[in-house]
Amino acid sequence: RKEVEQDPGPFNVPEGATVAFNCTYSNSASQSFFWYRQDCRKEPKLLMSVYSSGNEDGRCTAQLNRASQYISLLIRDSKLSDSATYLCVVTFQGNLIFGKGTKLSVKP
Amino acid sequence: NAGVMQNPRHLVRRRGQEARLRCSPMKGHSHVYWYRQLPEEGLKFMVYLQKENIIDESGMPKERFSAEFPKEGPSILRIQQVVRGDSAAYFCASSPLGQGNQPQHFGDGTRLSIL
């Protein structure tokens, strides 16, 4: 079983749509959780940290369910510039463990 | 306020040559991490270094790969006798504190191509 699993996509959505990304992780001792985005042939950039209480940043909402070992990211009112690969990341003993990412393509 | 700087951006080597990848962390960051991303794959941790110390090299291949972070100058990831399978994007990240529950800031990466 992979440590961090994500649907590879691609998700093809029209502008203005709401998009949901899901991620599961295998290690119940994972300590911290993040969503990164990676544009084609670019470096990963931190999108937001994820907390058990849920957190929001602009059009993005992230949720963590420790009992189910499940993390989600919701992007509302999607823009063309949201097109990228979204990486689910967990930490264990200080190491970042990356999922393979879910590719999002927002169409006009 | 420069971010993590990596060079070169692109590196082409023939099989059997050596590849040297450099990384300068963000100002004020003394912790450096190297990752490898194969085509269509996720990032894989390779090594974590502080100045003059390797803290965790659990992700480094046992042979041909080495890393250092000297007291002065950038961190270096060195690959000896490169093979086609070494072709990948190599990313460096830095953080101000040690491994823990914090995000890391990534450089633009070095894309290594082996002919």
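Refer to the preceding data block for the structure.
Throughout what follows, the structure given in this document is the object of discussion. The numbers attached to residues start from 1 for each chain and follow its sequence in the written order. Chains carry letters and ligands carry numbers; both start at the beginning, A for chains and 1 for ligands, and go up in the order they are written. In keeping with the predicted nature of the model, local features appear solely for residues at pLDDT of at least 70, side-chain atom pairs appear and are counted solely at 80 or more, and the whole-chain, interface and lining totals rest on all residues. For side-chain calculations, the full set of non-hydrogen atoms in the structure is used, while hydrogens and water are omitted.

**Quick word on the pattern of salt bridges**
Residues and elements named next belong to chain B.
Then, in step 1: Salt bridges, as used here, are contacts in which a Lys or Arg side-chain nitrogen is within 4 Å of a carboxyl oxygen on Asp or Glu. Evaluated as defined, the whole model comprises nine salt bridges over all chains.
Then, in step 2: Here Arg 20 makes a salt bridge to Glu 18, at a shortest N to O gap of 2.8 Å.
Then, in step 3: Burial classes follow relative accessibility: with a 1.4 Å probe on protein chains only, a residue under 20% of its type's maximum area counts as buried, one over 50% as exposed, and anything between as partly exposed. Take Glu 18: its relative accessible area is 29%, and that puts it in the partly exposed class.
Then, in step 4: For Arg 78, the salt bridge identified is with Glu 18, shortest N-O distance 2.9 Å. One end of the pair, Arg 78, is in strand β8 (residues 75–79); the other, Glu 18, is in the loop between β2 (10–13) and β3 (19–24), and 60 residues separate them in sequence.
Then, in step 5: Given the relative accessible area of 26%, Arg 78 is considered partly exposed.
Then, in step 6: Salt bridges sharing partners connect three or more residues here, namely Glu 18, Arg 20 and Arg 78. Here a helix means four or more residues in a row that DSSP labels H or I, a strand means two or more in a row labelled E, and each is numbered from the N terminus.

**Quick look at the packing of aromatic side chains**
Then, in step 1: Working definition: a ring pair exists when centres of Phe, Tyr or Trp rings (six-membered ring for Trp) sit within 6.5 Å. Plane angles under 30 degrees give stacked, over 60 give edge-to-face, the rest tilted. Under the criterion given, the structure shown has 12 aromatic pairs over all chains.
Then, in step 2: Summarising the aromatic geometry, the rings of Tyr25(A) and Phe33(A) are spaced 5.0 Å apart at their centres and angled 45° between planes, so their arrangement reads as tilted. Here Tyr25(A) matches Phe33(A) in class, with each residue buried.
Then, in step 3: Note on Tyr33(B) and Tyr48(B): the rings are 4.7 Å apart at their centroids and 10° apart in plane angle, and the pair reads as stacked. Of the two residues, Tyr33(B) sits in strand β4 (residues 31–37) while Tyr48(B) sits in strand β5 (residues 43–50), which places them 15 residues apart along the sequence.
Then, in step 4: By relative accessible area, which is 2% here, Tyr33(B) ends up buried.
Then, in step 5: Residue classification places Tyr48(B) among the buried positions, given a relative accessible area of 3%.
Then, in step 6: Among the aromatic residues, those joined into a cluster by ring pairs are Phe34(A), Tyr36(A), Phe98(A), Tyr35(B), Phe45(B) and Phe106(B).

**Side note on the interface of chain B and chain A**
Then, in step 1: Counting from both sides, the interface comprises 21 residues of chain B and, opposite them, 19 residues of chain A.
Then, in step 2: A simple way to read buried area is as the amount of 1.4 Å-probe accessible surface that goes missing from two parts once joined, with both sides added. For the chain B and chain A pair, buried surface summed over both sides reaches about 1,600 Å², with 49% attributable to carbon and sulfur atoms.
Then, in step 3: Applying the counting rule to chain B against chain A returns one salt bridge.
Then, in step 4: Notably, a salt bridge pairs Lys100(A) with Glu41(B), separated by 3.4 Å at the nearest N-O pair.
Then, in step 5: Polar contacts, as used here, are pairs of N or O atoms within 3.5 Å; protein pairs need one atom able to donate a hydrogen and one able to accept it. Residues neighboring in sequence count only if both atoms are side-chain atoms. Between the two partners, chain B and chain A, sit four residue pairs in polar contact (both at pLDDT 80 or more).
Then, in step 6: When residues of the side of chain B that touches chain A are traced back to their parent elements, those giving at least two are β4 and β5 of chain B.
Then, in step 7: Here the residues of the side of chain B that touches chain A are counted per class, giving six nonpolar, 10 polar and five charged. Throughout, a contact is declared for two residues whenever any of their heavy atoms are within 4.5 Å. The classification used treats Ala, Val, Leu, Ile, Met, Phe, Trp, Tyr, Cys and Pro as nonpolar, Asp, Glu, Lys and Arg as charged, and all other residues, Gly among them, as polar.

**Thoughts on the environment of Ser66(B)**
Residues and elements named next belong to chain B.
Then, in step 1: On the secondary structure map, Ser 66 appears in strand β7 (residues 65–68).
Then, in step 2: Put simply, Ser 66 and Ile 76 are 10 residues apart on the chain and 8.3 Å apart in space, counted from C-alpha to C-alpha.
Then, in step 3: Non-local contacts of Ser 66, meaning those with residues more than four positions away in its chain, are made with Met 60, Ile 76, Leu 77 and Arg 78.

**Some details on the pairing of strand β4 (residues 32–38) of chain A**
All names here are of chain A.
Then, in step 1: For β4, the tally of buried residues reaches seven of seven residues, placing the bulk of the element in the interior.
Then, in step 2: A two-sided burial pattern is seen for β4, the buried positions comprising Ser 32, Phe 34, Tyr 36 and Gln 38 on one face and Phe 33, Trp 35 and Arg 37 on the other.
Then, in step 3: With seven bridges joining them, β4 and strand β9 (residues 84–92) adopt antiparallel strand pairing. What sits directly across from Phe 33, in β9, is Val 90.
Then, in step 4: If DSSP finds at least two bridges between two strands, the strands pair. Examined bridge by bridge, β4 and strand β5 (residues 44–49) share five bridges and lie antiparallel to one another. Considered in β5, the bridge of Tyr 36 is made with Leu 46.
Then, in step 5: With antiparallel pairing between neighbouring strands as the criterion, β4 and β5 make up a hairpin whose turn holds five residues, including Arg 41 at a positive phi of roughly 60°.

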